[in-house]
Amino acid sequence: MSSSPFPPIFSVLFLALFFSSSRASSFPAGSSSFSRRSILREISSDGKNEKRVEKADYGVELNATNFDAILKDTPATYAIVEFFAHWCPACRNYKPHYEKVARLFNGGDAVHPGNILMTRVDCALKINTNLCDKFSVGHYPMLLWGPPSKFVGATWEPKQENSEIRSIDDGRTADRLLNWINKQMGSSYALDDEKYENEHLQTNASDPGQIARAIYDVEEATSTAFDIIFTHKIKAETRASLIKFLQLLVAHHPSKRCRKGSGDILVNFDDIYPSEILSTNDAQSIGDGKEKGLQNMQICGKEVPRGYWMFCRGSSNQTRGFSCGLWVLFHSLAVRVEDGESQMAFTAICDFIHNFFVCEECRQHFYGMCLSVSNPFKSTRDFVLWLWNAHNKVNKRLMKEEASLETGDPKFPKTIWPPKQLCSSCYLSKSSKNGQIEWDNDEVFKFLVSYYGGTLVTLYKDKELLGDSEGNKAPIEDLAATTNAIVVPIGAALAIAVASCGFGALAWCWRSRQKNRKQRRSWN
């Protein structure tokens, strides 16, 4: 934002000149809570309480230590960075305008989550001096716009050509800032938009690229599922099925951080949930202390759960969400296993639903379909097509129930999948009498492998989330598992060498190796 939108006030000019020699003022930040603020923000207020309660900010506070990490990790398509100084009166007066827009996009209660990450950097803090210099901050407040990954490790000049980072030159008020955003995105966001009551949901079924946004929903569903498991405690009879499912995640989860988190839990599983204690008559579950230790391991990293859904977001908070994310996870696992692993993967998913899915009717219906399989799977193709067919059976059943009870999502009605817009070659014919579809299973299999395999992880590639904390780049295969590759966390070299084994044996070898290393370190 240029300096022109703000009227010249003598006090502002005096302060600006006074502090021009040192933008990094020694004045303390306005609140000690800055360091405790996170991307998932909530308003903590009580209408019945007459005492004034300070509201948490929606704009995410960044500094030189977390700037790259947060912008690299966000699922948002765009980011806005406001460079300001806490001593600047114009900045303080502008903050309410910025917050009005930020509440639409940031936090667990965001109206339009996952589209724009709105952040702030206090250039008056010494820690941020070099960061503000890198982006040529010459006045306050200054707003920059661009894809989040383009800010990572970057510099910016006002007259820089071919840069995807742009200065917002017309954002003096909340209305003007939102109008500027709408022009850039071709959107129609409004300041009075309310959660789930809008027309901005992406419902274009003919766009296969939309599934790429589901990689974040797969992480969200994985985290949510394990939160449910740990809340309901692990029993002796369910221990083995959980280990088997963790082994599947270690080898084939499409998200690197979820593979690593699953591996960490697997390595420490015997210490937290020893089988000899679980099998005793007087101890059906482990004590709270050790259980909290497992809960704190965060299976998909510290930024997950984020508190919202993207591809799986429904038009109300009662629809889609977790169940959609879980289905995407299962499909993405199925297309990644090898032929020799297909039966073990089938058993792991079926047992996981049977033992840990808490919706009783859904659990029984899905497990009934599992029990109807008479012959073991011998190929990935057969397992992938079975899971796809099972999903369509569920959709067909729910279509009737939701139509009669009017409980479905009007923007996302249940349908037989995939629709012709996504895969016309999947259809051979459709009977006009009973509505039965004749599928080309070869084409369906090819589509599923492409859709839940390569397309699902394209956002990882596009956003260049390939670096470690030192900025070194890793191979893309280490970030997003391919259909024919087994990728496991650090230390899995031994397991990769025997990749022809089933994932259970593979993960067991790796787990034993890690535990031996752990024991040797404790002896030393």
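As the structure is a computational prediction, the values presented were derived from the model and not from experiment. (Residues numbered from 1 in each chain as written. Predicted model: local features only at pLDDT ≥ 70, side-chain atom pairs only at ≥ 80, totals over all residues. Heavy atoms only, no water.)

J.: Tell me about the overall build of the protein chain, residues and numbers included.
T.: Counting its regular elements, the protein chain contains 20 helices and seven strands. Per-residue burial over the protein chain gives 48% buried out of 524 residues. Counted over contacts in the protein chain with a minimum sequence separation of 6, partners at least 24 positions apart contribute 71%. Carbon and sulfur atoms provide 51% of the accessible area of the protein chain, an area that totals close to 25800 Å². (Helix = DSSP H or I, 4+ residues; strand = E, 2+ residues; numbered from the N terminus. Buried < 20%, exposed > 50% of the residue type's maximum accessible area, 1.4 Å probe, protein only. Contact = heavy atoms within 4.5 Å. Areas by Shrake-Rupley, 256 points an atom, 1.4 Å probe, with all protein chains shown as cover.)

J.: Tell me about unusual backbone geometry, and name the residues and values.
T.: Cis geometry is adopted by the peptide bond preceding P141, which originates at Y140 and carries an omega value of -15°. Considering the arrangement of structural elements, one finds P141 in the loop between α4 (129-134) and β4 (142-146). Looking along the chain, the bond that leaves W417 and enters P418 is cis, with omega of 0°. If you trace the backbone, P418 turns up in the loop between α15 (380-405) and β6 (427-430).

J.: An account of the packing of aromatic side chains is requested, with residue identities and associated values reported.
T.: Per the stated rule, a full pass over the model turns up 29 aromatic pairs. Here Y94 and Y98 contribute two aromatic rings whose centre-to-centre distance is 6.2 Å and whose plane-to-plane angle is 45°, an arrangement assigned as tilted. Residue Y94 and its partner Y98 are both found in helix α3 (residues 89-105); the two are separated by four residues, about one turn of the helix. By the burial criterion, Y94 is buried, and Y98 matches it. With a centroid separation of 6.5 Å and an interplanar angle of 25°, the aromatic rings of F226 and F245 are classed as stacked. Here F226 is found in helix α7 (residues 214-231), whereas its partner F245 is found in helix α8 (residues 236-252), with 19 residues between them in sequence. Given a relative accessible area of 2%, F226 falls into the buried group. The rings of F226, F245, W327, F330, F346, F352, F356, F366, F377, F383 and W386 are connected pair by pair, giving a single aromatic cluster. The aromatic ring of F311 is capped on one face by R320, whose charged end is 5.7 Å from the ring centroid. (Phe/Tyr/Trp six-rings, centres within 6.5 Å; stacked < 30°, edge-to-face > 60°. Lys NZ or Arg CZ within 6 Å of the ring centre and 35° of its normal.)

J.: Please provide a residue-by-residue account of the pairing of strand β3 (residues 116-122), values included.
T.: Taking burial as the measure, the seven residues of β3 include seven buried ones, the bulk of the element. Of the two faces of β3, both are covered, the one formed by I116, M118, R120 and D122 as well as the one formed by L117, T119 and V121. Where strand β1 (residues 60-62) and β3 come together, three bridges link them in parallel fashion. Pairing of V60 across the sheet is with T119, part of β3. (Pairing = 2+ DSSP bridges.)

J.: I'd like a rundown of the sheet that holds β4, residues and numbers included.
T.: Spatially, five strands are ordered β1-β3-β2-β4-β5 in an open sheet, and the strand pairing comes out mixed. Whereas interior strands pair on both sides, the edge strands pair on one side only; in this sheet they are β1 and β5 (166-167). Across the sheet, helix α6 (residues 174-185) is in contact with β2 (78-84), β3, β4 and β5; its angle to β4 comes to roughly 20°. (Axes fitted to C-alpha atoms, helices over the stretch in contact; angles between N-to-C directions.)

J.: Give a detailed account of the state of the cysteines, specifying residues and quantitative values.
T.: Here the structure, examined in full by the defined rule, presents five disulfides. The partner cysteine of C350 in its disulfide is C370, sulfur to sulfur 2.1 Å. Around the S-S axis, the bridge from C350 to C370 shows a dihedral of about -85° and counts as left-handed. Taken together, the residues C350 in helix α13 (residues 342-356) and C370 in helix α14 (residues 360-371) connect sequence positions 20 residues apart. An identical accessibility class is assigned to C350 and C370; each is buried. When the cysteines of the protein chain that form disulfides are numbered from the N-terminus onward, they connect as 1-2, 3-4, 5-6, 7-8, 9-10. (Disulfide = S-S within 2.5 Å.)

J.: Lay out the confidence of the model for the protein chain in plain terms, naming residues and giving numbers.
T.: One rule of thumb: low pLDDT means the predicted coordinates there are not for detailed reading. Per-residue pLDDT for the protein chain averages 74, and the proportion of residues at 70 or more is 68%. In this model residues 1-53 is a low-confidence stretch, pLDDT under 50, and it forms 81 contacts with partners more than four residues away in sequence or in other chains. In this model, residues 196-201 is a region of pLDDT below 50 whose contacts with residues beyond four sequence positions or in other chains number 20 contacts. (pLDDT = per-residue confidence, 0-100.)

J.: Describe the packing of α3 against α6, naming the residues involved and giving the relevant values.
T.: The contact between α3 and α6 brings their axes to 8 Å, and the two run at 40°. Considered as vectors, α3 and α6 are oriented oblique to each other. Viewed along their axes, α3 and α6 form a crossing whose handedness is right-handed. Contacts between α3 and α6 involve Y94, H97, Y98, K100, V101, L104 and F105 from the former and A174, L177, L178 and I181 from the latter. (Parallel < 35°, antiparallel > 145°, perpendicular 65-115°, else oblique. Left-handed = near helix turned anticlockwise from the far one by under 90°.)

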